[in-house]
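Observations on the three-dimensional arrangement
Each chain is listed here by its residues.
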Amino acid sequence: MAKYLAQIILVGAQVVGRAFMRALRQEFAASRAAADARGRSERPQSAAASRIIGISLQEAQQILNVSSLNPEEIQKNYDHLFKVNDKSVGGSFYLQSKVVRAKERLDEELRIQAKGDKEKGRKAET
């Protein structure tokens, strides 16, 4: 009787172990596919900037409430949100830091675009 009970426990553990490993492999594959898709959706430099700064371009645009990369609009919204979230006027330091990170991300994207435009201009001249 004890022999059969040990066999049942062993077989059950093997089944659960196999199912767990299969689920783990599927999760890794899904994670890798999502990372690949995210990397393809943005230009390589833009994706690198998102990883370095830790915030995506879309998230930065949502935080600063801008739809296009217009430097004047970005600066205007940044100034307003920074002042509103200042801790001395009862604002949130966390939100203020999110506003700063969003501005940094958008500034980096503007720099990448300017660099790309400059390279296109050089290619057109040659």
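As the structure is a prediction and not an experimental result, all values here were calculated from the model.

1. Things to note about the packing of aromatic side chains
Tallied over the full model, the rule gives 1 aromatic pair. When the ring centre of Tyr78 is taken as reference, the NZ or CZ atom of Lys103 above it lies at 5.5 Å.

2. Describing the confidence of the model for the protein chain
Here the protein chain shows a mean pLDDT of 85. Residues at 70 or above account for 82%. The lowest-confidence element of the protein chain is helix H2 (residues 44-53), averaging 65 in pLDDT; the highest-confidence one is helix H4 (residues 71-84), averaging 95.

3. Focus: the pattern of salt bridges
If charged atoms from side chains of opposite charge come close, those side chains can pair. Inspection of the entire model under this criterion finds 5 salt bridges. The salt bridge involving Asp107 is made with Lys103; its shortest N-O contact spans 2.8 Å. Within this pair, Asp107 and its partner Lys103 are both found in helix H5 (residues 93-125), separated by 4 residues, close to a single helical turn. Note on Lys103: relative accessible area 12%, which makes it buried. Note that Arg105 is salt-bridged to Glu109, the shortest N-O span being 3.0 Å. With Arg105 and Glu109 both in helix H5 and 4 residues apart, this pair spans about one turn of that helix. Accessibility expressed as a relative area gives 1% for Glu109, which makes it buried.

4. A few points about the nonpolar core
Counting 12 residues, the largest nonpolar core is built from Ile55, Leu57, Ala60, Leu64, Val66, Leu69, Ile74, Tyr78, Val99, Ala102, Leu106 and Leu110. Elements that contribute at least two residues to this core include exactly helix H3 (57-64), H4 and H5. With 4 residues, H5 is the largest single contributor of residues to this core. With residues near it in sequence (within four places) discarded, Leu69 still touches Leu57, Gln61, Ile74, Leu106, Glu109, Leu110 and Gln113.

The rules we used
Residues numbered from 1 in each chain as written. Predicted model: local features only at pLDDT ≥ 70, side-chain atom pairs only at ≥ 80, totals over all residues. Heavy atoms only, no water. Phe/Tyr/Trp six-rings, centres within 6.5 Å; stacked < 30°, edge-to-face > 60°. Lys NZ or Arg CZ within 6 Å of the ring centre and 35° of its normal. pLDDT = per-residue confidence, 0-100. Helix = DSSP H or I, 4+ residues; strand = E, 2+ residues; numbered from the N terminus. Salt bridge = Lys/Arg side-chain N within 4 Å of Asp/Glu carboxyl O. Buried < 20%, exposed > 50% of the residue type's maximum accessible area, 1.4 Å probe, protein only. Core = buried A, V, L, I, M, F, W, Y, C linked by side-chain atoms within 4.5 Å. Contact = heavy atoms within 4.5 Å.

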